[in-house]
Amino acid sequence: MRVLVIGSGGREHALAWAIAASPLCDALYCAPGNPGIAEDAVCVPVSADDLDGIVALARRERIDFVVVGPEAPLVAGLVDRLEAAGIAAFGPSAAAAALEGSKGFMKDLCAKYGIPTAGYGRFREAQPAKEFVRRHGAPIVVKADGLAAGKGVTVAMTVEDALAAIDEAMIGRRFGAAGAELVIEEFLAGEEASFFALVDGSHALPLATAQDHKRVGDGDTGPNTGGMGAYSPAACVSPEIERAVMERIILPTVRGMGEEGRAYRGVLYAGLMLTRDGPKLIEYNVRFGDPECQALLPRLKSDLLPALVAARDGVLDGFDLRWRDEAAVCVVLAAKGYPGDPVKGTEIAGLDAASSDPAVKVFHAATRREGARLVADGGRVLDVVALGKDVADARDKAYAAIERIRWPGGFFRRDIGWRALGRR
Ligand code: AMP
Ligand code: GLY
């Protein structure tokens, strides 16, 4: 099978690495990829958002199966385009990707099918949005309806902050068209976890759980980021909670999407809040989490590729995946200045030494080659993942590997996994 992975981050490196190991994979391409992915795949400089370019590339290289990493091309309809061209693709159609592409759509679906989530209102005008905030009081959460590169959510601890967030989105147009509509919702208290399932249109196969660390600083301080590290399995998701998530959240969503004529295929990523009243859905993403994927895939014992193909083909029923007993910890190395204005171009060395432990894998998230030098090329730059007999062991191995990386331009959180382990 000739496979093409779309994207260029750490998530796509983990996907390419897992797919390259499949005996079913005869040739692996990635668009656009990165220097780490280039060790596993032929990288072709076509942007993930260039839908025409990707369809042409898939035709030219006689690709049998495309795996789409990021949400933007999914929401823009890349899978529809590929399938219309006769090329099988893993990921939801544009109609199904609305679960991430429109928070209002997702909330209305939850309301219609009784899926537990925060109470909410949808607004296209500032005035009624502000009245809603004044009526409900703080804390309250203001969200841009559309894709806003992970920056569209304000958890407002005061009414004033919520009103300011409404003005920024609707009058300041901070998120452009993505913020023309707002979802304002009830604040949920509890511990957060990420839950992943493969979905084939009518069946869902739970994958594994993970916990992300969204704040930039140790102890969950400072601004939000795309995620500074993850570990898997998430300590807080017991088998009972996992069953409840499947029965009350994932399966009703799959049924509901079918009834709406938007059958969901691909990976469904539920961002959960474990509240005193049980697990509630914070948001859906229509792709793997980044960096959760990098912690998940090294734990997978089974071949990933046939599972992705089965999800696309609608034959997941009875499919089984086996996981290692080991835990995984992924620590993100970010460029100084992230998440604001990361410094690009600083040199990175020592990656071979860091990967000398067979339990460790270094995924590239934003690197670039400059001649023989490897340099940082974005905010989140490297993902150092280690397997261990438990989260503590995996964490120790990951941090030992990081010690061997020589990158004065980078920084990382020193407490990944703290909710499972306590603070060091
Ligand atoms: P996002 O940028 O969509 O990943 O959301 C950012 C973060 O906002 C989530 O990870 C939660 O920590 C927080 N959040 C979103 N919705 C709620 C809510 N209803 N209650 C509490 N926190 C929330
Ligand atoms: N780690 C959060 C995300 O992928 O959205």
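Calculation criteria
- Residues numbered from 1 in each chain as written.
- Chains lettered and ligands numbered in written order.
- Predicted model: local features only at pLDDT ≥ 70, side-chain atom pairs only at ≥ 80, totals over all residues.
- Heavy atoms only, no water.
- Helix = DSSP H or I, 4+ residues; strand = E, 2+ residues; numbered from the N terminus.
- Buried < 20%, exposed > 50% of the residue type's maximum accessible area, 1.4 Å probe, protein only.
- Contact = heavy atoms within 4.5 Å.
- Polar contact = N/O pair within 3.5 Å; in protein donor to acceptor, adjacent residues only side chain to side chain.
- Salt bridge = Lys/Arg side-chain N within 4 Å of Asp/Glu carboxyl O.
- Expected span 1.5 Å × (residues − 1).
- Arc of directions from axis to C-beta.

**Q** Tell me about the environment of Tyr 231, residues and numbers included.
**A** Position of Tyr 231 relative to the elements: it lies in strand 14 (residues 229-232). By relative accessible area, Tyr 231 is classed as buried at 0%. In this view, Tyr 231 contacts Thr 209, Ala 210, Gln 211, His 213, Ala 295, Ala 328, Val 329, Val 391, Gly 417, Arg 419 and Ala 420; residues no more than four positions away in its chain are not counted. Side chain to side chain, Tyr 231 and Gln 211 meet in a polar contact 2.5 Å long.

**Q** Go over the pattern of salt bridges, please, and point to the residues and values.
**A** This structure, assessed with the given rule, holds 28 salt bridges. Its salt-bridge partner being Arg 124, residue Glu 181 comes within 3.5 Å of it at the nearest N-O pair. Taken together, the residues span a long stretch of sequence, with Glu 181 in the loop between helix 8 (159-170) and strand 9 (182-186) and Arg 124 in the loop between strand 6 (120-123) and helix 7 (126-136) at a distance of 57 residues. Here Asp 167 and Lys 130 are joined by a salt bridge, their closest N and O atoms 2.8 Å apart. With a gap of 37 residues between them, Asp 167 in helix 8 and Lys 130 in helix 7 connect regions that are remote in the sequence. Taking the relative accessible area as the measure of exposure, Asp 167 reaches 27% and is therefore partly exposed.

**Q** Lay out helix 8 in plain terms, naming residues and giving numbers.
**A** The end-to-end C-alpha distance of helix 8, which contains 12 residues, comes to 16 Å, matching closely the 16 Å that a straight helix rising 1.5 Å per residue would cover. All of the buried residues in helix 8 are Ala 162, Leu 163, Ala 165, Ile 166, Ala 169 and Met 170. In a view along the axis of helix 8, the buried residues occupy a sector of 155 degrees, so they form one face of it. Structurally, helix 8 contributes buried residues whose contacts are with strand 6, helix 7, strand 7 (140-144), strand 8 (153-156) and strand 9.

**Q** Outline the environment of Ser 102, supporting the account with residue identities and numerical values.
**A** The residue Ser 102 is located in the loop between helix 5 (94-101) and helix 6 (103-113) in this model. The buried category is assigned to Ser 102, whose relative accessible area is 13%. As a C-alpha pair, Ser 102 and Leu 182 span 80 residues in sequence and 9.8 Å in three-dimensional space. Each residue touching Ser 102, except ones within four places of it in the same chain, is listed here: Arg 122 and Asp 145. At 3.1 Å, the side chain of Ser 102 forms a polar contact with the backbone nitrogen of Phe 105.

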